[in-house]
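# What the coordinates show
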Amino acid sequence: LSDLLRGGRLAATRKDVTAFTSSIAHDGVLFRPVVKINQAHVVMLMEQEIIAQEEGRRLLQALQGIRRLAARPGLEDVHMYVEEEVVKATNDRVGGNLHIAKSRNDQVSTAIRMKLRRDLTRLVATITTLQDALLDTAGHHLNTVFPGYTHLRPAQPITLAHYLVACVDVLERDVQRMKEAYPRVNQCPMGACALATTSFPISRERVAELLGFDGLLENSVDAVGSRDFLLEVLAAVTIFATDVSRMVADLIVWSSLEFGLLELPDAFSATSSIMPQKKNPDVLEVVRARMSRIQGRFASVATSLTSLPSTYNMDLQEITPTLWAALHEAEASTKILAELYPELRVSGRPFEKAGYAFTTATELANILTRKYGVPFRAAHKAVGAVIKALVEHDGTSRDISTGLLEAAVKENADLALQIQQQDIEDALNPTRFVDAHHVRGGPAPREVTRMLKTRRRRLRSSRQWVDRKSADQSDAEERLDRESTAHEAV
Ligand code: ARG
């Protein structure tokens, strides 16, 4: 494997075997964090007088000089790359002390956490952009009466805005889960070394502070072997993926010819290479497939961790790229959806179709109860019986007459009523239906307007969280650069 690690316990190295176990192809994303970790570690070694000041200066200068990960055959991983580069830039004596009191085991977990905290912050930011797009779109559709479904059958009228705010709320819980995972990600394993810490008088606290961590992952066995932080983030991303998948499924179905409720933007659709009439929801289908793949990635990582012996095993190396892939898929899909939602157009007049017109039937039963004193169960039966009779003769809600309804009430509740035609018309009007549902959380435009406002406020606080975390991360980097430069100059 790495030549630095040969000639000791192990002699021969085989290129094909190294290539097989190497993580270098996936290590590019860890290069920056690994250099930072080395800088912080050297600064601490100098402060603790574990290495001489002059030696430390040369190590820091050598670390400064490594600009990128230039993979070459036979490279084991980014950790060995950095060490090899430092040895090249200095010599065996100086470079040979870079690895005092550290191991790749604590280093890799630290590096993953440093990249993950950035990725997580960025994903939260992107989800807030999607939420913002949904709220904007909702703002244009407060009065767009839209069929609500249960069992994928027309149920009751809502508004498109009401539906979109529901999506925002679902995403809000996803964001909360991600934010809640953050403090568990942002703990520093450095100093755990291979698993048992070290006999050198290191300061783990100082390294954690220099790298911008909230604290230490104290127990060294836990520190090197645990990946629950990673699985937890994947779990949050997986839940998010199921949520997005459902949102996307709604759009695919609603934009179908059969539903005819929404028109997808051309730029987010595709046509067929043979069937000229086709307008296919390609973007939405790809998002759906990627969301499913994220679930597979969660399962893959969970399976790899199941029954894995404690502390470090190479299996841990193999799960890391799966995390990045899931985050990348989530991020890219979220971005494109944020562009797509505002471009949706409402099409058709669903409530003129027979089946949809009956979606206000609940309100007719409500009026029979509220105004005419019919017990609700009997009113439900009476309205149901009227609709059954109409459906059998291709009738619509417009055919519900006072006579029909009175007969059904007589039959089901044994009440002789004189029902006003106006009441029937009012009950069956979808716009009135929506307006009348103005209790907390309901579809009435004034209630949805109120909800929109509170969601906008919440979104501002998510953005502040993102700004705070991004600033913390950048501040830590700048602080480390300053410390590093100061120690180089001493
Ligand atoms: N490339 C490894 C990873 O990504 C680094 C740790 C290797 N540690 C070891 N003991 N072989 O996990």
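Attention here is on the structure that accompanies the text. (Residues numbered from 1 in each chain as written. Predicted model: local features only at pLDDT ≥ 70, side-chain atom pairs only at ≥ 80, totals over all residues. Heavy atoms only, no water.)

## Focus: the overall build of the chain
Within the chain, the secondary structure is distributed over 20 helices and six strands. Computed over the C-alpha atoms, the radius of gyration of the chain is 31 Å, more than 25% above the 23 Å expected from 2.2 N^0.38 for a compact globule of 490 residues. Taking all 490 residues of the chain together, 52% fall into the buried category. Of the roughly 23100 Å² of accessible surface on the chain, 52% is carried by carbon and sulfur atoms. For the chain, the separation between the mean place of its 61 positive charges and that of its 62 negative charges on side chains is 1 Å. (Helix = DSSP H or I, 4+ residues; strand = E, 2+ residues; numbered from the N terminus. Rg over C-alpha atoms; globule rule 2.2 N^0.38 Å. Buried < 20%, exposed > 50% of the residue type's maximum accessible area, 1.4 Å probe, protein only. Areas by Shrake-Rupley, 256 points an atom, 1.4 Å probe, with all protein chains shown as cover. Lys, Arg positive; Asp, Glu negative; His and termini not counted. Charge placed at Lys NZ, Arg CZ, Asp CG, Glu CD.)

## Points about the packing of helix α7 (residues 104-140) against helix α8 (residues 160-185)
Running from N to C, α7 and α8 point in directions that differ by 165°, and their axes come no closer than 9 Å. In terms of orientation, α7 lies roughly antiparallel with respect to α8. Where α7 crosses over α8, the two elements pack in a sense that is left-handed. (Axes fitted to C-alpha atoms, helices over the stretch in contact; angles between N-to-C directions. Parallel < 35°, antiparallel > 145°, perpendicular 65-115°, else oblique. Left-handed = near helix turned anticlockwise from the far one by under 90°.)

## Some thoughts on the side chain of Ser333
Position of Ser333 among the secondary structure elements: in helix α13 (residues 315-340). We classify Ser333 as buried; its relative accessible area is 3%. Excluding residues within four positions of it along the chain, Ser333 makes contact with Val287, Arg290 and Met291. (Contact = heavy atoms within 4.5 Å.)

## Observations concerning the site of the ligand
Taken together, Ser23, Asp77, His79, Arg104, Asn105, Val108, Tyr312, Met314 and Gln317 make up the full set of residues near the ligand. The side chain of Asp77 places a nitrogen or oxygen atom 2.9 Å from a nitrogen atom of the ligand. Between a nitrogen atom of the ligand and a side-chain N or O atom of Gln317, the distance comes to 2.8 Å. The element that contributes the greatest number of residues to the shell around the ligand is α7, accounting for three residues. Across the shell around the ligand, the residue classes break down as three nonpolar, four polar and two charged. (Near = heavy atom within 4 Å. Polar contact = N/O pair within 3.5 Å; in protein donor to acceptor, adjacent residues only side chain to side chain. Nonpolar A, V, L, I, M, F, W, Y, C, P; charged D, E, K, R; others polar.)

## Observations regarding the packing of aromatic side chains
Inspection of the entire model under this criterion finds seven aromatic pairs. Here a set of aromatic residues connected by ring pairs shows up, and it is made of Phe146, Tyr149, Tyr163, Trp254, Phe259 and Tyr356. Seen from the ring of Trp324, Lys115 lies directly overhead, with NZ or CZ sitting 4.8 Å from the centre. Against the face of Phe213 rests Arg117, its NZ or CZ located 4.8 Å from the ring centre. (Phe/Tyr/Trp six-rings, centres within 6.5 Å; stacked < 30°, edge-to-face > 60°. Lys NZ or Arg CZ within 6 Å of the ring centre and 35° of its normal.)

## Concerning the pairing of strand β2 (residues 153-159)
Pairing of strand β1 (residues 145-150) with β2, which is carried by six bridges, proceeds in the antiparallel orientation. Note that in β2 the partner of Pro147 across the bridge is Pro157. The antiparallel pairing of β1 with β2 creates a hairpin that spans two residues between the two strands, and His151 there sits at a positive phi of about 55°. (Pairing = 2+ DSSP bridges.)

## Things to note about the side chain of Glu488
Along the chain, Glu488 falls in helix α20 (residues 445-489). Polar contacts involving the side chain of Glu488 include one to the side chain of Gln64, which spans 3.5 Å. Beyond its immediate stretch of four places on either side in the chain, Glu488 contacts Arg57, Leu60, Gln61 and Gln64.

## Section: the environment of Lys88
Topologically, Lys88 is positioned in helix α5 (residues 78-89). Classification of Lys88 as exposed rests on a relative accessible area of 57%.

## Observations concerning the nonpolar core
Counting 117 residues, the largest nonpolar core has Val82, Leu134, Met178, Leu211 and Tyr341 as its most contacted members. Excluding residues within four positions of it along the chain, Tyr341 makes contact with Leu130, Leu134, Thr137, Leu164, Met247 and Leu251. In terms of nonpolar packing, the next biggest core, distinct from the first, is built from 24 residues, Val374, Val383, Leu390 and Leu405 among them. (Core = buried A, V, L, I, M, F, W, Y, C linked by side-chain atoms within 4.5 Å.)

## Topic: the state of the cysteines
Inspection of the entire model under this criterion finds zero disulfides. Cys188 provides the cysteine sulfur closest to Cys193, a residue in no disulfide bond, and the two sulfurs are 11 Å apart. (Disulfide = S-S within 2.5 Å.)

## Focus: the packing of α7 against helix α11 (residues 228-254)
Viewed as axis vectors pointing N to C, α7 and α11 meet at an angle of 20°, and their least axial separation amounts to 11 Å. Accordingly, the angle class assigned to the pair α7 and α11 is roughly parallel. Note on packing geometry: the crossing formed by α7 with α11 is left-handed. On α11, the residues that touch Ser109, Ile112, Arg113, Leu116, Leu120, Leu123, Ile127 and Leu134 of α7 are Phe229, Leu230, Val233, Val237, Phe240 and Met247. Looking at the contact of α7 with α11 residue by residue, the class counts come to twelve nonpolar, one polar and one charged.

## Some details on the pattern of salt bridges
The full count for this structure, using the stated rule, is 33 salt bridges. A salt bridge links Arg122 to Asp119; its shortest N-O distance comes to 3.2 Å. Note that Arg122 and Asp119 are positioned in helix α7 at a spacing of three residues, about one turn of the helix. Given a relative accessible area of 43%, Arg122 falls into the partly exposed group. Between Arg463 and Asp132 there is a salt bridge, and its shortest N-O distance comes to 3.5 Å. Pair noted here: Arg463 is in helix α20 and Asp132 is in helix α7, with a separation of 331 residues, a long-range link. Exposure remark for Arg463: the relative accessible area of 32% places this residue in the partly exposed category. Here the salt bridges do not stand alone but share partners, grouping Lys115, Asp119, Arg122, Glu331 and Lys335 into one network. (Salt bridge = Lys/Arg side-chain N within 4 Å of Asp/Glu carboxyl O.)

## Quick look at α7
For α7, which comprises 37 residues, the first-to-last C-alpha distance of 54 Å matches the rise-based estimate of 54 Å (1.5 Å per residue) to within 8%. A large share of α7 lies buried, amounting to 28 of its 37 residues. The residue sitting at the N-terminus of α7 and contributing the capping side-chain oxygen is Ser103; that oxygen lies 2.8 Å from the backbone nitrogen of Asn105. (Expected span 1.5 Å × (residues − 1).)

## Some details on unusual backbone geometry
The phi torsion of most residues other than glycine is negative, and most of the peptide bonds are trans. Unlike most non-glycine residues, Thr197 shows phi in positive territory, near 65°. Within the secondary structure, Thr197 is located in the loop between β3 (187-188) and α9 (204-210). Given the relative accessible area of 36%, Thr197 is considered partly exposed. In this structure, Ser307 is a non-glycine residue whose phi angle is positive, near 65°. Relative to the assigned elements, Ser307 resides in the loop between α12 (282-305) and α13.

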